[in-house]
Amino acid sequence: MPWAEALLTSKAAGQEVTEEGRALSYVDALREALTLALELDPKVFVLGQGVNDSPGMFGVTTDLHKKFGTDRVFDTPLSEEGLTGICAGAALNGTRPVYLHNRPDFLLLTFNQLVSHAAKFHYIDNGQSNVPMVVWSAIGRGWGSGSQHSQAIQGFLLGVPGLKIIMPSTPYDAKGLMLSAIADNNPVLIFEHRWAMKTKGVVPEGIYHVPLGKGIYRRRGEDLTIVGTSHTLSLAIEAIDELSKEGISADVIDLRTLKPLDEEIIFESLKKTGKVLVVDTGPEMAGVCAEIGCLVAEKGFHDLRGPVRRIGLPDSPVPAGYTLEQFYFPDKNRIAKVIREMVSGT
Amino acid sequence: MIRYPYKDIEFSPAPRPKKKYDPDFLIGLYRSMLRIRMIQEAIESRYHEDQMKSPIHLVIGQEATSVGVCAALRNTDQVYSSHRTQGNYLAKGGSLKAMLSELYCRLNGCAGSRGGSMHLLDKSVGYAGSSAIVAGSVPVTTGAAFSAQLLKKDQVNVVFFGDAATEEGAVWESLNFAALKSLPVIYICENNFYSVCSSLEVRQPGVDIYKKAEAFGLNSCRIDGSQVLHVYEAAREAVERAQSGGGPTFIESVAYRWRGHGGAGDDSASGYRDPEEVKAWQEFCPIEGLYKELVKQKQLDEVRKNSMKEEIQEEIQEAFEHAINSPNPEEKDLSTHVYSD
Ligand SMILES: Cc1ncc(C[n+]2csc(CCOP(=O)(O)OP(=O)(O)O)c2C)c(N)n1
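Residues numbered from 1 in each chain as written. Chains lettered and ligands numbered in written order. Predicted model: local features only at pLDDT ≥ 70, side-chain atom pairs only at ≥ 80, totals over all residues.

As a further point, take the overall build of chain B. Within chain B, the secondary structure is distributed over 11 helices and 8 strands. Its C-alpha radius of gyration of 19 Å places chain B within 12% of the 20 Å reference for a compact globule of 341 residues. A buried classification covers 52% of the 341 residues belonging to chain B. Partitioning the contacts of chain B with sequence separation of at least 6, the portion at a separation of at least 24 is 77%. (Helix = DSSP H or I, 4+ residues; strand = E, 2+ residues; numbered from the N terminus. Rg over C-alpha atoms; globule rule 2.2 N^0.38 Å. Buried ≥ 20, exposed ≤ 12 C-beta atoms within 10 Å, placed from the backbone. Contact = placed C-beta atoms within 7 Å.)

The strands making up a sheet associate through backbone hydrogen bonding, with each pair oriented either parallel or antiparallel. Residues and elements named next belong to chain A. Taken in spatial order, the 5 strands of this open sheet run 9-11-10-13-14, and their pairing is mixed. Single-partner strands in this sheet number two, and they are strand 9 (216-219) and strand 14 (309-313). Pairs of neighbouring strands in the sheet enclose a mean axial angle of 25°, with direction left out of account. As defined by bridge partners, strand 9 adjoins strand 11 (residues 250-254) across 3 bridges and the pair is classed as antiparallel. When the sheet's bridge partners are listed, R219 is paired in strand 11 with V252. Relative to the sheet, helix 9 (residues 230-243) contacts strand 9, strand 10 (224-228), strand 11, strand 13 (276-283) and strand 14, its axis offset from that of strand 13 by approximately 140°. (Pairing = 2+ DSSP bridges. Axes fitted to C-alpha atoms, helices over the stretch in contact; angles between N-to-C directions.)

Taken together, the neighbourhood of the ligand is formed by 22 residues, with R84, V134, G162, A164 and S195 of chain B sitting nearest. Chain contributions to the surroundings of the ligand come from chains A and B. For the shell around the ligand, the secondary structure elements donating two or more residues are strand 3 (157-162) and strand 5 (194-195) of chain B. Residues belonging to the shell around the ligand are distributed by class as follows: 11 nonpolar, 7 polar and 4 charged. (Near = placed C-beta within 6 Å. Nonpolar A, V, L, I, M, F, W, Y, C, P; charged D, E, K, R; others polar.)

Here we come to the interface of chain A and chain B. You'll often see interface size given as the accessible area lost when the parts meet. Counting residues at the interface gives 29 residues for chain A, matched by 38 residues for chain B. Elements that contribute at least two residues to the side of chain A that touches chain B include exactly helix 4 (80-92) and helix 12 (322-328) of chain A. In terms of residue count, the dominant contributor to the side of chain A that touches chain B is helix 12 of chain A (5 residues). Considered class by class, the residues forming the side of chain A that touches chain B number 13 nonpolar, 12 polar and 4 charged.

With that settled, the discussion passes to the nonpolar core. Within the largest apolar cluster, 94 residues are counted, with the highest numbers of intra-cluster contacts made by V46, V134, M178, I190, I226, L277 and I339 of chain A. Take this core: its biggest share by element is 8 residues, from helix 2 (residues 26-40) of chain A. In contact with I226 of chain A, not counting residues within four places along its chain, are A236, I240, A250, V252, I253, L277 and V279 of chain A. If you look at the next biggest cluster of nonpolar residues, it comprises 90 residues, including L73, A91, V185 and L218 of chain B. (Core = buried A, V, L, I, M, F, W, Y, C linked by C-beta atoms within 7 Å.)

A regular strand carries its side chains on alternate faces of the sheet. Of all 6 residues making up strand 7 (residues 219-224) of chain B, 5 are buried, and the element is well covered by its neighbours. At this point the chain moves from strand 7 of chain B, through helix 8 (residues 228-243) of chain B, to the parallel strand 8 (residues 249-254) of chain B, and the crossover so formed is right-handed. (Right-handed = clockwise from strand over helix to strand, strands pointing away.)

So, about unusual backbone geometry. Cis geometry is adopted by the peptide bond preceding P260 of chain A, which originates at K259 of chain A and carries an omega value of 0°. Mapped onto the fold, P260 of chain A is located in the loop between strand 12 (257-259) and helix 10 (263-273). Of note in this structure, C105 of chain B is not a glycine but carries a positive phi near 60°. Structurally, C105 of chain B can be placed in the loop between helix 4 (96-103) and strand 2 (127-130).

All names here are of chain B. Remark: helix 2 (residues 63-71) packs on helix 8, axes separated minimally by 7 Å, with the N-to-C direction vectors making an angle of 40°. Judged on the interaxial angle alone, helix 8 and helix 2 are oblique. The way helix 2 lies across helix 8 gives a crossing that is right-handed. Where helix 2 abuts helix 8, its residues A64, T65, V67, G68, V69 and A71 lie against V228, V231, Y232 and A235. (Parallel < 35°, antiparallel > 145°, perpendicular 65-115°, else oblique. Left-handed = near helix turned anticlockwise from the far one by under 90°.)

The next subject is helix 10 (residues 286-296) of chain B. Residues and elements named next belong to chain B. By the burial criterion, the buried members of helix 10 are P286, I287 and L290. Along the axis of helix 10, the buried residues cluster in a sector spanning 95°; they form a single face. Turned more than 90 degrees away from the buried face of helix 10, the exposed residues are K292 and K296. Buried-residue contacts for helix 10 involve helix 1 (23-46), helix 2 and helix 8. A positive phi of about 60° marks K298, the residue just after helix 10. (Arc of directions from axis to C-beta.)

Let us now look at the sheet that holds strand 8 of chain B. Residues and elements named next belong to chain B. As summarised here, the arrangement of the 6 strands in space is 2-1-3-4-8-7, forming an open sheet in which the pairing is parallel. Both outer strands of the open sheet, strand 2 and strand 7, are each paired with one neighbouring strand and no more. For this sheet, the mean angle separating the axes of adjacent strands, direction not counted, is 20°.

Residues and elements named next belong to chain B. Across the 6 residues that make up strand 3, a large majority, 6, are buried. Side chains of strand 3 alternate between two faces, with N157, V159 and F161 and V158, F160 and G162 buried alike. Where strand 1 (residues 78-81) and strand 3 come together, 3 bridges link them in parallel fashion. Note on strand 3: the bridge partner recorded for Y80 is V159. Of the pairings in the sheet, the one linking strand 3 to strand 4 (residues 185-191) comprises 6 bridges and is parallel in character. Among the inter-strand pairings, V158 is bridged to a residue of strand 4, identified as I186. After leaving strand 3, the chain enters helix 6 (residues 169-181) and then returns to the sheet as strand 4, a path that is right-handed.

We now examine the domain arrangement of chain A. All names here are of chain A. Per the domain assignment, the segments of chain A are domain 1 (3-202) and domain 2 (216-344). Taking only C-alpha atoms, the centre of domain 1 and the centre of domain 2 are 25 Å apart. Facing the 25 residues of domain 1 at the interface are 24 residues of domain 2. Mapped onto the side of domain 1 that touches domain 2, the elements with two or more residues apiece are helix 7 (154-157), strand 6 (164-166) and helix 8 (171-183). Top element by residues in the side of domain 1 that touches domain 2 is strand 6. It accounts for 3 residues. Within the side of domain 1 that touches domain 2, the residues separate by chemical class into 12 nonpolar, 10 polar and 3 charged. (Domains from an automatic or database assignment.)

Here we come to the environment of S307 of chain B. All names here are of chain B. Its location among the elements puts S307 in helix 11 (residues 302-324). Judged by the 10 C-beta atoms lying within 10 Å of it, S307 is exposed. Distance from S307 to H48, taken between C-alpha atoms, is 28 Å for residues 259 residues apart in sequence.

Confidence along chain B averages 97 in pLDDT terms, with 100% of residues attaining 70 or more. With a pTM of 0.95, the predicted complex shows an ipTM of 0.92. (pLDDT = per-residue confidence, 0-100.)

Next up, the structure:
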């Protein structure tokens, strides 16, 4: 058994949802979003390796092909670059593809069609064409995923104009952002995290949209601003909750989308706290942490009362073994340590 | 329903043996397959302990392809493979201890715990490495062959990959280049009909894989991957071709994967293939098949088989103990070798 996953699954089973409303697992929330989109719009289709296997891709697509037929929900050959172009062509011509991948690592095969084609058409066609497609994948971690199965590549794509990038962290957002992504007229990338996908939360029924480019406060506090997305942000929340015992509190901002980026909420919080910690599931260098760090230094300089700090991945590939992994990935304790340093000014 | 019956498969005629087989050679092939099978079963039986924290892709049922091909290679010939590494690695002579240490994430694993089961390597025996990205090794091996040609090295380069890899563009780009430059490379496509849970028929329109390769200008054939001597002869011919400047060969070796795509056990109960299909293919066990043949020829018997098994069992036991008692990597081991000096 995938050991790390088993651990998380047991944690999720014991997780209590305290808010009012219908509790749903992350995976069920995603499947509900796809179901609603397929019901709503006959132009939507879903494809990916194994989407109509009996368990579905990670359970996200289970039985969708039975309900909507294999013309609209189908398994694909292992041809990521070609199929990305095929999706772009289909999107240019009146449909709305949702292409699912197990891992972002496999998107690296698609960069030509994704970056040089899908992301460009609207611009180079002078607004006469659009490419409403969604490319979804789930960042891996643990169980020997290693350097070719746990890359978080959102930072590589941040600088590509024409793309939108979503990084959900809760079941509510996963559903609402998926629906927004499908409704959007641009190529939209969604990067889930396999560990975030093990959680559950309150999810309303029916269609709702979480707007792209709007962050949200997960915690309100005084001492610093923590900003980021996805699984690393959840770790930061665990860290700051523990630090409340030491009298430390923070504004925790879940950006939810990296592109477009909600600058306003970052600067609003920075004005109050004067300190910013950026966290990301990807490399610290030249990625999300670097971009937001620079933005804060550039436009928020006069509000800063200490150096910007970042917590992401080191500039080395992901090792496969679990012992090395534990030194590689940031955890709650490492985040707490950085927060303490920032607060005490050391 | 048996979607892929053995009897429906048309194999290319196996090349004729050049000379009579030496009994030791045949017994060696048998032992090598048996050893791989037993190692796979030992890993499988301990996988639930959750101490091998690595994905595993077992090759039970497909041993003959690894063994038949590697028997035609020299130590100096190179092999690369896909995620399904273990059979290829062991057949090429890769160290069992280093492999198990890698599965146990130990410092003395063949990749120092950076790779796991999908990234084995043992350069001392010409097992050059593997990629967990499907088809990733195909261009790389083609490049190895190009380098061998440029440097006038007497080295044959072999890459193992699955049927699904042939859906990737990079494979055909590589074949085109290899044919264009007459490279000393052998492409071994292990067709087991499935990519995870997706059958060949939902991924490809029914054109024979080896015929596509033929259309790219490669000598191509489809062989019975349950018969190690078919595999061996096809590989031997391909090696001769590569060595004599005759260019690349494409071999589609058909053999069934008895276990699930990854992990321990058979997963056909989940519905993607009929458990009856698995059973039907088990009738064509490459190891049992050769055993019966050798018994008929009076070259092998029960007693010899059992002592062979005991020997292998001891080796396996010792290798597991070695792996389990080996040290873990430490934090300082994380950032070495990001760049070469
Ligand atoms: C480019 C890429 N896409 C998808 C995957 C996920 N994946 C890993 S193994 C595999 C099945 C490959 O099937 P095949 O090539 O036939 O080899 P087999 O597993 O049957 O040996 C898939 C889809 C991957 N590793 N790389």
